[in-house]
Amino acid sequence: MAIGYNRIIRDGLWDNNGVFGMLLGMCPTMAMTTSATNGLGMGLATAVVMAASNLLVAMFRNYITQEVRIPVYILIVAAMVTMVDLIMNAWMHELYKVLGLFIPLIVSNCLPLARLEAFAAKEPVLPSLVDGIFMGIGFTLSLTAIGAVREIIGSGTLFANASFLLGPNFKFMEMQILPGDMGVLMMILPPGGFLATGLLLVVKRMIDVRNGKGIQMAGAHCVT
Amino acid sequence: MKQPATKHALILGVFCFGFGLVLALTDLFTSKEIATRAMEDRQNSLSQVLPAAILDNNPVTNTVILKDAEGKEVTIYRATKADKITGVAFEIYGTGYAGEVKLMIGIDPASNILGVRVLAHKETPGLGDRIEEKKSDWILRFTGLALGNPPAEKWKVKKDGGQFDQFSGATITPRGVVSAIRNGLEFFAAHKQEILGAR
């Protein structure tokens, strides 16, 4: 069964987006989106893990039997997360200090596992890699968007501390949108995560309805 | 199609072994680098409370380990200049609003505070996090103070009758920090001989 790359990319970025399409990976989504920068960093780390684990599962898909596939998938995701953790600690230490606490959370994110089960276990290596990359990018964009909404309303800034994450060249991204004391603290606290995610979900569904797609529960399986 | 259980066990075993090996290799290549980074972090946090002007050694390598009142080990880093101890630093812990606040305190041999910095905390962003140096200069006010200055009964936040400001909307965090610093000073006073003694 061949699936066009266009389809895979559109699924990952919009139609079947991990956060706004499948509503998966809510734990890191809520925990890490207190600012756009945090969301971006967490998204990128997840994208790396997703691309690598999709690739590995697709490579070994003919050797993994049905009965033990879940433990093997979890093993692969956990191994990738640990590698990212160690490598970032060693060579991207500034970034690690910002994100370090949250990288182990990727293991508990069901989005990578869902893509392994629904896609990489059945498809060849290259489409699986593309799926991992674009699902990861879609996740990153969603987290950054939620983080941006929470950060603008909650602390009045946008991409604060982005230069810690991306290097001093990205200092220009750091913006003060509202005066500093106008922040609504609740948006930074956990309830704000649910509010922002809900609002953005409504926006996405409205765009879909306007485009005549109607509301459909996508489910974790994208193969049609 | 049913396959024997031994086959599944074997497959799982092979994968576990393979990825175990991969992780062991990653650890082998990164562990040295990670240790260096941890050392740099330690030096960074020490250099914030031990001014560079007073030392010519690396305090990370000149330590004494003592036990505090609860039997917890405290590592004391000692700064020396021309072989004389010019300051010491150690970690102190306070109870904040959302758990432990970890701080580093620097004290000179005459028992005055050289500086205090927050290393880690989980306080509410926008309220309790003003104990961080990059968010507000609140923490700098402790520099130069000592146990008798202000007197012991004033080593509290204003709300408790002391002399230190709390923040609007956050009293528990500063209260925890102030009492952690006071405890740190008392710890230093009680162990002064051992801390400044033989190296």
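Quick caveat, the model's predicted, so the values are computed rather than measured.

Novice: Lay out the overall build of chain B with the relevant residues and their values.
Specialist: Helix and strand counts for chain B stand at 3 helices and 5 strands. Along the chain direction, N to C, the helices and strands of chain B fall in the order α-β-β-β-β-β-α-α. For chain B, whose C-alpha radius of gyration is 23 Å, the value lies well above the compact-globule estimate of 16 Å for 199 residues. Taken along the three principal axes of its C-alpha coordinates, chain B extends 80 × 45 × 30 Å. Expressed as a percentage of its 199 residues, the buried residues of chain B come to 40%. Here the contacts in chain B between residues at least 6 apart in sequence split such that 47% fall between residues at least 24 apart. If you sum the accessible surface of chain B, you get close to 10600 Å²; carbon and sulfur atoms cover 57% of it.

Novice: Account for helix 9 (residues 190–210) of chain A, with residues named and values stated.
Specialist: Working note: α-helix, 3.6 residues per turn, so residues spaced by three or four point in the same direction. All names here are of chain A. In a regular helix each residue adds 1.5 Å, so 21 residues correspond to 30 Å; helix 9 covers 31 Å between its end C-alpha atoms and thus fits that length. Every buried residue of helix 9 is listed here: Gly 192, Gly 193, Ala 196, Thr 197, Leu 201, Lys 204, Arg 205 and Asp 208. Lining the buried residues of helix 9 we find helix 1 (5–15), helix 2 (26–32) and helix 7 (125–155). Phi turns positive one or two residues past the end of helix 9, at Gly 212, with a value near 75 degrees.

Novice: Run through unusual backbone geometry, naming residues and quoting values.
Specialist: Residue and element names in this part refer to chain B. For the bond running from Asn 149 to Pro 150, omega is 0 degrees, close enough to zero to count as cis. Positionally, Pro 150 belongs in the loop between strand 5 (113–120) and helix 2 (172–190). Although it is not a glycine, Ala 82 sits at a positive phi angle of roughly 50 degrees. Structurally, Ala 82 can be placed in the loop between strand 2 (73–81) and strand 3 (84–96). Of note, the phi angle at Ser 111 is positive, near 75 degrees, even though the residue is not glycine. Examined against the element boundaries, Ser 111 turns out to sit in the loop between strand 4 (99–107) and strand 5.

Novice: Any details on a nonpolar patch on the surface? Residues and values, ideally.
Specialist: All names here are of chain A. On the surface, Leu 13, Trp 14, Ile 133, Ile 137, Leu 141, Val 203 and Ile 207 cluster together into a nonpolar patch covering about 530 Å² of accessible area. For the nonpolar patch, the secondary-structure elements that each account for two or more residues are helix 1, helix 7 and helix 9. Top contributing element to the nonpolar patch by residue count: helix 7, with 3 residues. In this fold, Leu 13 is placed in helix 1.

Novice: Account for the sheet that holds strand 5 of chain B, naming residues and giving values.
Specialist: The strands making up a sheet associate through backbone hydrogen bonding, with each pair oriented either parallel or antiparallel. Residue and element names in this part refer to chain B. Strand order in this open sheet of 5 strands is 1-2-3-4-5, and the pairing throughout is antiparallel. In the strand order of this sheet, the two ends are held by strand 1 (63–67) and strand 5, each with one partner. The average undirected angle you get between the axes of adjacent strands in this sheet is 25 degrees. Sheet analysis places strand 3 next to strand 4, joined by 9 bridges and oriented antiparallel. Paired with Ile 92 across the strands is Leu 103, a residue of strand 4. Across the sheet, helix 1 (residues 5–49) is in contact with strand 2, strand 3, strand 4 and strand 5; its angle to strand 5 comes to roughly 145 degrees. Sheet contacts for helix 2: strand 1, strand 2, strand 3, strand 4 and strand 5; angle to strand 3, the most-contacted strand, approximately 145 degrees.

Novice: Quick one: what's the story with the interface of chain B and chain A, residue by residue and with numbers?
Specialist: In this assembly, 21 residues from chain B lie in contact with 25 residues from chain A. Regarding the contact of chain B and chain A, the summed buried area is about 2100 Å², with carbon and sulfur atoms giving 79% of it. Here chain B and chain A share 0 salt bridges between them. Counting across the chain B and chain A interface gives 3 residue pairs in polar contact (both at pLDDT 80 or more).

Novice: Could you give an account of the layout of surface pockets, naming the residues involved and the relevant values?
Specialist: If a probe the size of a water molecule is rolled over the atoms, the empty space left behind becomes visible. Residues and elements named next belong to chain B. Counted as a void, the second largest pocket has a volume near 460 Å³. As for the second largest pocket, its lining consists of 18 residues, and the residues nearest its centre are Asp 68, Val 74, Glu 91, Ile 92 and Tyr 93. Secondary structure elements with two or more residues in the lining of the second largest pocket: strand 2, strand 3 and helix 2. Taken together, the residues of the lining of the second largest pocket sort by class into 8 nonpolar, 4 polar and 6 charged.

Novice: I'd like a description of the side chain of Ser 53 of chain A, backed by residues and values.
Specialist: Residue and element names in this part refer to chain A. For Ser 53, the position within the fold is in helix 3 (residues 36–60). Its relative accessible area of 0% is what places Ser 53 among the buried residues. At a separation of 2.7 Å, a polar atom in the side chain of Ser 53 contacts the main-chain carbonyl oxygen of Val 49. Excluding anything up to four places from it in sequence, Ser 53 contacts Ile 76, Val 77, Met 80 and Leu 116.

Novice: I'd love a proper account of the packing of helix 3 of chain A against helix 7 of chain A, names of residues and values included.
Specialist: Residue and element names in this part refer to chain A. Orientation of helix 3 relative to helix 7, taken along the N-to-C sense of each, is 165 degrees, at an axis distance of 7 Å. By the angle between their axes, helix 3 is roughly antiparallel relative to helix 7. Helix-helix and strand crossings are classified by hand; for helix 3 and helix 7 the assignment is right-handed.

Novice: Could you give an account of helix 3 of chain A, with specific residues and numbers?
Specialist: For helix 3 of chain A, spanning 25 residues, the distance from its first C-alpha to its last is 36 Å, which sits close to the expected 36 Å at 1.5 Å a residue. Within helix 3 of chain A, 19 of the 25 residues are buried, leaving the element largely enclosed by the surrounding structure.

Novice: Explain the side chain of Asn 109 of chain A residue by residue, including any values.
Specialist: Residues and elements named next belong to chain A. Assignment of secondary structure puts Asn 109 in the loop between helix 5 (93–99) and helix 6 (110–120). A polar contact of 2.9 Å, which involves the side chain of Asn 109, links it to the backbone nitrogen of Leu 111. Beyond its immediate stretch of four places on either side in the chain, Asn 109 contacts Gly 25, Pro 28, Thr 46 and Phe 139.

Novice: Residues and numbers for the pairing of strand 4 of chain B, please.
Specialist: Residues and elements named next belong to chain B. Hairpin geometry of strand 3 and strand 4 is characterised by an intervening segment of 2 residues between the two adjacent antiparallel strands. Where strand 4 meets strand 5, 6 bridges bridge the pair, whose relative direction is antiparallel. Looking at strand 5, one finds that Gly 106 is bridged to Gly 115. Linking two consecutive strands that pair antiparallel, namely strand 4 and strand 5, is a turn of 5 residues; a positive phi of about 75 degrees is found at Ser 111 within it.

Procedures and definitions
The residue numbering used here restarts from 1 in each chain and proceeds along that chain's sequence as written. Both sets of labels track the order of writing: A upward for chains, 1 upward for ligands. Restriction of local features to residues with pLDDT of at least 70 applies here, the model being predicted, together with a cutoff of 80 or more for giving and counting side-chain atom pairs; totals for whole chains, interfaces and linings are based on all residues. The side-chain values count all of the structure's non-hydrogen atoms but skip hydrogen atoms and water molecules. By definition, any uninterrupted DSSP run of H or I lasting at least four residues is a helix, any uninterrupted run of E lasting at least two residues is a strand, and each is numbered from the N terminus. Atoms counted for the radius of gyration: C-alpha only. Globule rule: 2.2 Å times the number of residues to the power 0.38. When accessible area is computed with a 1.4 Å probe and restricted to protein chains, residues below 20% of their type maximum are described as buried, those above 50% as exposed, and intermediate ones as partly exposed. Here a residue-residue contact requires only that any non-hydrogen atoms of the pair lie within 4.5 Å. All accessibility values rest on the Shrake-Rupley procedure with a 1.4 Å probe; residue burial counts only the protein chains present in the view. Take the number of residues in a helix, subtract one, and multiply by 1.5 Å to get its expected span. Residues qualify for a patch when their relative accessible area is over 30% and they have no salt bridge, like charges being joined within 9 Å and the nonpolar side chains of Val, Leu, Ile, Met, Phe, Trp and Tyr within 5 Å. Salt bridges are defined by distance alone: a side-chain nitrogen of Lys or Arg within 4 Å of a carboxyl oxygen of Asp or Glu. Strand pairing is defined by DSSP finding a minimum of two bridges between the two strands. Where helices are involved, their axes are fitted lines through C-alpha atoms of the stretch in contact, as for all axes, and angles between N-to-C directions lie from 0 to 180°. As used here, buried area is the combined drop in accessible area, with a 1.4 Å probe, of two parts when they are placed together. For the purposes of these results, a polar contact is taken to be a pair of N or O atoms within 3.5 Å, where, inside protein, one atom must be able to donate a hydrogen and its partner to accept one; residues adjacent in sequence count only when each atom of the pair is a side-chain atom. Buriedness for pockets is judged along seven lines, at least five of which must meet protein on both sides within 12 Å for an open set on the 1 Å grid over protein atoms alone, while cavities are sets there where a 1.4 Å probe fits but cannot get out, and lining residues have an atom within 4 Å of a point. Grid points are joined across faces, edges and corners, and a volume is the space filled by probe spheres set on the points. For this classification, Asp, Glu, Lys and Arg are treated as charged, while Ala, Val, Leu, Ile, Met, Phe, Trp, Tyr, Cys and Pro are nonpolar and the rest, including Gly, are polar. These descriptions rest on fixed angle ranges, namely under 35 degrees for roughly parallel, over 145 for roughly antiparallel, 65 to 115 for roughly perpendicular, and the rest for oblique. Put simply, a crossing is left-handed when the front helix is turned counterclockwise from the back one by less than a right angle, and right-handed when it is turned clockwise.

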